[in-house]
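Single-letter residue listing:
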Amino acid sequence: ISPDTSDIFLREGDKLIPQPAHDKINGLINVNQHFHKVGECLCGLAASTEKSIYSVNIMADKRCTWTECKNAGIKSFASIPLKGKEGLIGVMGVGSLTKRDFGKQSEFLETLAQQVAIALENALFYQKISNYADDLEKQVGERTQELQAALKNAESADRLKSIFLASMSHELRT
């Protein structure tokens, strides 16, 4: 479909955080400063309704309230929700600097969005498992250190007991 920009917006609560995927327009999105809210603009509306939104002319579309797209000269935009097994993961957005009807490619875009959602869900699941494994490894390391300290204390107590018994045995014989 050769869009001029394509982005993935991951959902975090009521925010859609942009993760630029392909951008012929330099500096369209400053990830640290800009995000969509669920229910606002084309991507936010796609997230809240979980239905794809296609706009041939975002300049005339009152639903498009994100000035970054308009200022970058984007004319047409499509927002497709990324639905996983446990709900909405985010939104895939594609834009064009020329007027285009992405709705004509809706079947392809929605199939692509399903595949992206599966891949993202797998990646996020893998990340959770990796984080859990790292936490578990850290806990095992901490517990091992505690057990080693307890072993040293037990060995020290055993030596003291042996010295005490030897001393008492000597005293009793004396």
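Residues numbered from 1 in each chain as written. Predicted model: local features only at pLDDT ≥ 70, side-chain atom pairs only at ≥ 80, totals over all residues. Heavy atoms only, no water.

Caption draft 1: Region of interest: empty space enclosed by the protein. Tallied over the entire structure, the rule returns 1 cavity of 30 Å³ or more. Here the largest cavity is characterised by a volume of approximately 40 Å³. In terms of lining residues, the largest cavity is bounded by His 36, Cys 41, Leu 42, Cys 43, Cys 64, Trp 66, Cys 69 and Phe 77. Sorting elements by how many residues they give to the lining of the largest cavity places helix H1 (residues 41–49) first, with 3 residues. (1 Å grid on protein atoms, 1.4 Å probe; cavity = no way out; pocket = protein on both sides within 12 Å on 5 of 7 lines; lining within 4 Å. Points joined across faces, edges and corners; volume = space filled by probe spheres on them. Helix = DSSP H or I, 4+ residues; strand = E, 2+ residues; numbered from the N terminus.)

Caption draft 2: Expanded view of H1. Those residues of H1 that sit buried are Cys 41, Leu 42, Cys 43, Gly 44, Ala 46 and Ala 47. Taken from the residues just after H1, Glu 50 is the one with a positive phi, measuring 55 degrees. (Buried < 20%, exposed > 50% of the residue type's maximum accessible area, 1.4 Å probe, protein only.)

Caption draft 3: A look at a nonpolar patch on the surface. On the surface, a nonpolar cluster with roughly 240 Å² of combined accessible area is contributed by Ile 1, Phe 108 and Leu 112. As for its position among the elements, Phe 108 is in helix H3 (residues 106–173). A relative accessible area of 47% places Phe 108 in the partly exposed class. (Patch = residues over 30% accessible without salt bridge, like charges linked within 9 Å, V, L, I, M, F, W, Y side chains within 5 Å. Areas by Shrake-Rupley, 256 points an atom, 1.4 Å probe, with all protein chains shown as cover. Salt bridge = Lys/Arg side-chain N within 4 Å of Asp/Glu carboxyl O.)

Caption draft 4: Representation of the pattern of salt bridges within the structure. On inspection of all chains with the given rule, the structure shows 3 salt bridges. When the shortest N-O distance is used, the salt bridge between Asp 61 and Arg 63 registers 2.8 Å. For Asp 61, a relative accessible area of 11% translates into the label buried. The shortest N-O distance in the salt bridge between Lys 161 and Asp 158 comes to 3.5 Å. Of this pair, Lys 161 and Asp 158 are both found in helix H3, 3 residues apart, which corresponds to roughly one turn of the helix. Taking the relative accessible area as the measure of exposure, Lys 161 reaches 44% and is therefore partly exposed.

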